[in-house]
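Spelled out from the first residue to the last, the chains are:
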Amino acid sequence: MADDQHNLPSPYSTGLAGRCPRCGEGKLFDGFLKVRPRCSACGLDFSFADSADGPAVFIMLIAGFAVLGSALYVEIAYEPPIWVHMMIWLPLAVIVCLALLRPMKGLAVSLQYANKAQEGRLDKSEPER
Ligand SMILES: [Zn+2]
């Protein structure tokens, strides 16, 4: 294990905050979901970051459980007309998904770094060449 792995900030706090997984200072994102090429504070190359569909799967599970569960509860408890369901749950599902996307992607990238999960290279702490 490389030395820089010992004093890493928690991948959960850096990931959820959208910070660099190595220094916890630099920003991870450039825009809403685009990962920066490298950390502005410590220069860590973010090319290892490839969360693919991982965050989307968790968000679908979390948002689906929360929103559908709430909708079922309201239907059983209050039996509102269908337009009330549409007015509440469709926007809420979109809001919940969008709100979770960035923290979950940051968490996925941070956990990738902390666990050295990457295709092709075993040691990503050294530049590829
Ligand atoms: Zn950094």
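Below is a summary of the structure that appears in this document. Just so it is clear, the structure is predicted and the values come from calculations on it, not from any experiment. (Residues numbered from 1 in each chain as written. Predicted model: local features only at pLDDT ≥ 70, side-chain atom pairs only at ≥ 80, totals over all residues. Heavy atoms only, no water.)

When the terminal C-alpha atoms of helix 3 (residues 82-114) are compared, their 46 Å separation across 33 residues agrees well with the 48 Å that a helix rising 1.5 Å per residue should span. Contacts from the buried residues of helix 3 go to helix 1 (11-17) and helix 2 (54-78). Directly beyond the C-terminal end of helix 3, a positive phi value near 55° is found at K116. (Helix = DSSP H or I, 4+ residues; strand = E, 2+ residues; numbered from the N terminus. Expected span 1.5 Å × (residues − 1). Contact = heavy atoms within 4.5 Å.)

Turning next to the coordination of the zinc ion. Ligation of the zinc ion by protein atoms is provided by C20 (SG), C23 (SG), C39 (SG) and C42 (SG), these donors lying 2.2 to 2.3 Å from the ion. Each of the four donor atoms around the zinc ion contributes to a set of angles spanning 108 to 112°, which defines the coordination as tetrahedral. Sequence spacing among the residues donating to the zinc ion works out to C-x2-C-x15-C-x2-C. Taken together, the residues span a long stretch of sequence, with C20 in the loop between helix 1 and helix 2 and C42 in the loop between helix 1 and helix 2 at a distance of 22 residues. (Donors = N, O, S within 2.8 Å, 3.2 Å for Na, K, Ca; no water. Tetrahedral: all angles 85-135°; square planar, octahedral: opposite > 155°, others 65-115°.)

On to the packing of helix 2 against helix 3, then. Remark: helix 2 packs on helix 3, axes separated minimally by 9 Å, with the N-to-C direction vectors making an angle of 155°. If you check the angle between helix 2 and helix 3, you find them roughly antiparallel. Taken as a pair, helix 2 and helix 3 cross one another with a handedness that is right-handed. For the pair helix 2 and helix 3, contact is made by P55, F58, I59, I62, A63, V67, S70, A71, V74 and E75 and by H85, W89, L92, A93, V96, C97, L100, L101, M104, K105 and A108, respectively. Considering only residue class, the contact of helix 2 with helix 3 consists of 17 nonpolar, two polar and two charged. (Axes fitted to C-alpha atoms, helices over the stretch in contact; angles between N-to-C directions. Parallel < 35°, antiparallel > 145°, perpendicular 65-115°, else oblique. Left-handed = near helix turned anticlockwise from the far one by under 90°. Nonpolar A, V, L, I, M, F, W, Y, C, P; charged D, E, K, R; others polar.)

As a further point, take unusual backbone geometry. Among all residues save glycine, negative phi is the norm, and among peptide bonds the norm is trans. Unlike most non-glycine residues, E79 shows phi in positive territory, near 45°. Considering the arrangement of structural elements, one finds E79 in the loop between helix 2 and helix 3. In this structure E79 comes out as exposed when scored by relative accessible area, which is 61%. (Buried < 20%, exposed > 50% of the residue type's maximum accessible area, 1.4 Å probe, protein only.)

Scanning all chains against the criterion turns up three aromatic pairs. Taking 6.4 Å as the distance between ring centres and 75° as the angle between the ring planes, the aromatic pair formed by F46 and F48 counts as edge-to-face. Here the aromatic rings of Y73 and Y78 are separated by 6.5 Å at their centres, their planes lie at 85°, and the arrangement is edge-to-face. Accessibility expressed as a relative area gives 54% for Y73, which makes it exposed. Taken together, the aromatic side chains of F46, F48 and Y113 make up a single cluster linked through ring pairs. (Phe/Tyr/Trp six-rings, centres within 6.5 Å; stacked < 30°, edge-to-face > 60°.)

Tracing the backbone through its elements, the reader meets Q112 in helix 3. Looking at Q112, its side chain comes within polar contact range of the main-chain oxygen of D50, at 3.0 Å. (Polar contact = N/O pair within 3.5 Å; in protein donor to acceptor, adjacent residues only side chain to side chain.)

Taken together, I82, W83, M86, M87, I88 and L90 make up a surface patch of nonpolar side chains, about 680 Å² in accessible area. Mapped onto the elements, M86 comes out in helix 3. Classification of M86 as partly exposed rests on a relative accessible area of 45%. (Patch = residues over 30% accessible without salt bridge, like charges linked within 9 Å, V, L, I, M, F, W, Y side chains within 5 Å. Areas by Shrake-Rupley, 256 points an atom, 1.4 Å probe, with all protein chains shown as cover. Salt bridge = Lys/Arg side-chain N within 4 Å of Asp/Glu carboxyl O.)

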